[in-house]
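Chain by chain, the residues run as shown.
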Amino acid sequence: MAAKLVLALVAVLSAVVLNHLVRIIFATGMLKHVYNHVPGTCRFVPGVDQGSEDIELTSSGLAFISSGLLPPGVIFDPVYLTFQKRILAFDFKKPTAGVKTVNIVPESVKEDFMPHGLSVYEDVSGEVRLFAVNHGKGHKDRLEIFRFDADSNSLHHVKSVKHPLLYSLNDVVATGPDSFYATNDKYTTGLYSRMAEAWLLLPWSNVVYYSGGEVTIVADGLLYANGINLSPEGKLVYVANIISKAVTVYHRQNDNTLRFSHDIAAHTGVDNVFVDPTTGDLWLGAHPRLIDLSIHIGNASHPCGSQVLRIENPAGENPRITEMYSDDGRSGLWGPSVGCYNNKQLLIGTVNHRLMHCTVDVSL
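Read on for an overview of the structure.

Calculation notes
- Residues numbered from 1 in each chain as written.
- Predicted model: local features only at pLDDT ≥ 70, side-chain atom pairs only at ≥ 80, totals over all residues.
- Heavy atoms only, no water.
- Salt bridge = Lys/Arg side-chain N within 4 Å of Asp/Glu carboxyl O.
- Buried < 20%, exposed > 50% of the residue type's maximum accessible area, 1.4 Å probe, protein only.
- Helix = DSSP H or I, 4+ residues; strand = E, 2+ residues; numbered from the N terminus.
- Pairing = 2+ DSSP bridges.
- Polar contact = N/O pair within 3.5 Å; in protein donor to acceptor, adjacent residues only side chain to side chain.
- Contact = heavy atoms within 4.5 Å.

**Looking at the pattern of salt bridges**
One pass over the full model with this rule turns up 11 salt bridges. Residue Asp185 is joined to Arg194 by a salt bridge in which the shortest nitrogen-to-oxygen separation is 3.3 Å. Assessed through its relative accessible area of 1%, Asp185 is described here as buried. With relative accessibility at 5%, the residue Arg194 sits in the buried group. Each of Asp281, Arg310, Glu312 and Arg320 takes part in a single network of salt bridges with overlapping partners.

Printed below as a string of structure tokens:
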């Protein structure tokens with residue numbers, strides 16, 4: 001009897017382990033093959049080789065870009081320690097002009113500033129505010145709010161938002177001049193605990209809402225909440241789940257809580273979400289083989305594949321997904337995190353690599 005119980009226990013444990021291994025293989029894309037195609041003529045934007053993790057667009061066609069990210073919760077290549085933490089600007093109306101570094105006022109803000117996710121808020125008067133996730137020193141995440149002055153190409157610091165529920169920030173989407181949704185991509189904050197949380201596929205991630213000095217959890221139980229954005233009319237919230245390879249769609253309630261609507265299966269590691277303000281289409285940077293991205297972060301010379309997806313009718317029952325860009329790593333663009341579309345142009349940012357500009361010559 002004892003022997004049978006032992007065999008039964010071994011069988012159950014083996015089944016649990018095997019099931020988890022299968023989930024890991026699926027989540028990391030180990031068996032996925034990546035093909036190559038582009039939407040038009042693509043070129044690298046000069047002056048950007050230290051990351052372009054998130055890109056946010058203003059109504060004037062100016063794009064803000066976060067650069068210099070050290071991905072938290074992973075063991076990374078020491079070369080990333082030399083990266084300059086900054087906000088860049090790219091003008092879609094002058095695509096060959098390259099990028100400019102945006103000045104940050106006062107200078108003291110830059111002493112503890114590592115930008116990650118970004119969001120732009122524009123009010124009726126034309127004021128532009130930039131919201132930026134900041135991974136402060138000592139695992140002290142916070143949200144920075146800036147006011148942009150185009151004449152001096154400067155971001156003037158308005159305030160820092162700190163709260164115990166803003167502890168593992170990834171991305172942000174502004175809902176007003178002083179309110180926002182944000183994603184916490186992990187529950188734990190230590191290096192090895194975050195690694196364990198990821199490899200054990202623990203659904204401990206969440207979405208929070210900030211307004212009036214208060215932060216509340218409005219969605220949880222997510223595997224890895226990454227990019228977040230709003231539909232053009234502000235009634236839907238889109239959250240990219242990089243490990244579960246889906247975009248989760250929520251209805252935004254009158255009290256700013258979120259009600260689950262549906263998941264859009266993308267079958268790839270979706271990262272940041274850009275929303276076309278005219279059509280409502282989603283454009284997503286994606287990692288087809290997360291295992292290669294993981295190796296690349298630990299070894300900056302290791303190539304990894306790239307994808308950009310476009311999702312039409314994301315709020316409907318039958319969203320249509322089109323792969324707009326794909327590369328197996330041989331083009332030299334590694335670790336794409338965002339695809340920003342504007343006027344038949346596509347700007348592709350990366351976690352900690354280069355920045356690519358493509359014309360979109362294919363029919364949309």
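Let's pick the thread back up.
**Re unusual backbone geometry**
At the junction of Val105 and Pro106, the peptide bond is cis and its omega measures out at 0° in the coordinates. Assignment of secondary structure puts Pro106 in the loop between β6 (103-105) and β7 (115-122). The phi angle at Asn153 is positive, at roughly 50°, despite the residue not being glycine. Relative to the helices and strands, Asn153 is located in the loop between β9 (140-149) and β10 (154-161). The phi dihedral of Lys344 falls on the positive side, at around 65°, and the residue is not glycine. Checked against the element boundaries, Lys344 lands in the loop between β23 (336-342) and β24 (345-350). Judged by relative accessible area, Lys344 falls into the partly exposed class, the value being 36%.

**Some points on the pairing of strand β25 (residues 356-359)**
When strand β1 (residues 42-44) meets β25, the two strands line up antiparallel, connected through three bridges. From the neighbouring strand, Arg43 faces β25, where its bridge partner is His357. Examined bridge by bridge, β24 and β25 share four bridges and lie antiparallel to one another. In the sheet register, Ile348 faces β25, and the bridge partner there is Met356. Turn length for the β24-β25 hairpin, with the two strands adjacent in sequence and antiparallel, is five residues.

**What to know about the side chain of Asp185**
On the secondary structure map, Asp185 appears in the loop between β12 (179-184) and α2 (191-199). A distance of 2.8 Å separates the side chain of Asp185 from the side chain of Ser168, its partner in a polar contact. A distance of 3.3 Å separates a polar atom in the side chain of Asp185 from a polar atom in the side chain of Arg194. Setting aside residues up to four positions removed in sequence, Asp185 forms contacts with Ser168, Leu169, Asn170, Arg194, Ser205, Tyr224 and Ala225.

Shape descriptors only; they carry no functional weight alone.
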